[in-house]
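The chain contents come next:
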Amino acid sequence: MFERIRNLREDKDLKQKQIAEYLQIHQTTYSDYELGNLNVPIEVLIKLAKLYDTSIDYIVELTNNPKPYK
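Residues numbered from 1 in each chain as written. Predicted model: local features only at pLDDT ≥ 70, side-chain atom pairs only at ≥ 80, totals over all residues. Heavy atoms only, no water.

1. Some words on the packing of helix α1 (residues 2-11) against helix α3 (residues 27-35)
Using the following cut-off: All axes here are fitted lines through C-alpha atoms, helices being fitted over the stretch that makes contact, and every angle between N-to-C directions spans 0 to 180 degrees. By definition, any uninterrupted DSSP run of H or I lasting at least four residues is a helix, any uninterrupted run of E lasting at least two residues is a strand, and each is numbered from the N terminus. Each angle receives one of four descriptions, namely roughly parallel if under 35 degrees, roughly antiparallel if over 145, roughly perpendicular if within 65 to 115, and oblique otherwise. When checking whether two residues touch, look at their non-hydrogen atoms; a contact exists if any pair is within 4.5 Å. The nonpolar class holds Ala, Val, Leu, Ile, Met, Phe, Trp, Tyr, Cys and Pro. Asp, Glu, Lys and Arg form the charged class, and all remaining residues, Gly among them, are polar.
Packing of α1 against α3 leaves a shortest axis separation of 6 Å and a crossing angle of 120°. By the criterion of interaxial angle, the relationship of α1 to α3 is oblique. Mapping the contact onto sequence places Phe2, Ile5, Arg6 and Arg9 in α1 and Tyr30, Tyr33 and Glu34 in α3. Across the contact of α1 with α3, the residue classes break down as four nonpolar, no polar and three charged.

2. Here's the deal with unusual backbone geometry
Keep this limit in mind: When accessible area is computed with a 1.4 Å probe and restricted to protein chains, residues below 20% of their type maximum are described as buried, those above 50% as exposed, and intermediate ones as partly exposed.
You will see that Asp53, though not glycine, has its phi angle at about 50°, which is positive. The residue Asp53 is located in the loop between α4 (42-52) and α5 (56-59) in this model. We note that Glu61 has phi near 65°; this positive angle belongs to a residue other than glycine. Along the chain, the position of Glu61 falls in the segment after α5. Exposure remark for Glu61: the relative accessible area of 44% places this residue in the partly exposed category.

3. A few points about the side chain of Glu34
Applied cut-off: We call two N or O atoms a polar contact when they sit within 3.5 Å, provided that within protein one can donate a hydrogen and the other can accept it, with sequence-adjacent residues counted only if both atoms are side-chain atoms.
Considering the arrangement of structural elements, one finds Glu34 in helix α3. Within the local environment of Glu34, its side chain forms a polar contact with the side chain of Arg9, the two groups lying 2.6 Å apart. A distance of 2.9 Å separates a polar atom in the side chain of Glu34 from a polar atom in the side chain of Tyr30. In this structure Glu34 touches Phe2, Ile5, Arg6, Arg9 and Gln16, once residues within four positions along its chain are discounted.

4. Regarding the packing of helix α2 (residues 16-23) against α3
One can describe the packing of α2 onto α3 by two numbers: an axis separation of 8 Å at closest approach and a directional angle of 110°. Between α2 and α3, the crossing angle belongs to the class labelled roughly perpendicular. Here α2 contributes Gln16, Lys17, Ile19, Ala20 and Leu23 to the contact with α3, which in turn contributes Gln27, Tyr30, Ser31 and Glu34. Per-class residue counts for the contact of α2 with α3 are four nonpolar, three polar and two charged.

5. Quick notes on the side chain of Arg4
Here is the rule we go by: Asp and Glu count as negative and Lys and Arg as positive, but His and the ends of the chain are not part of the count. One side-chain nitrogen of Lys or Arg within 4 Å of one carboxyl oxygen of Asp or Glu is enough to make a salt bridge.
The topology assignment puts Arg4 in helix α1. The buried charged residue Arg4 lacks any salt bridge partner; its closest oppositely charged side chain belongs to Glu61, at an N-O distance of 4.8 Å. At 3.2 Å, the side chain of Arg4 and the side chain of Asn64 are in polar contact. When sequence neighbours within four positions are dropped, the list of residues in contact with Arg4 reads Tyr58, Ile59, Glu61, Thr63 and Asn64.

What follows is the structure, encoded as structure tokens:
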């Protein structure tokens, strides 16, 4: 999951700081999510899924289909 959130961010050419601002957290906290040092709260997963227009299932690697459910 941690590599996937990094890849989603990089695919959009966004910096960790930009995502942290969107999530209203510190950049170091977001960095710890990407490194796997902290568990990502469900509220954050929901925001990331909306931002990247994907499903939480994709982010947590339950599916390889990046498209959200319709």
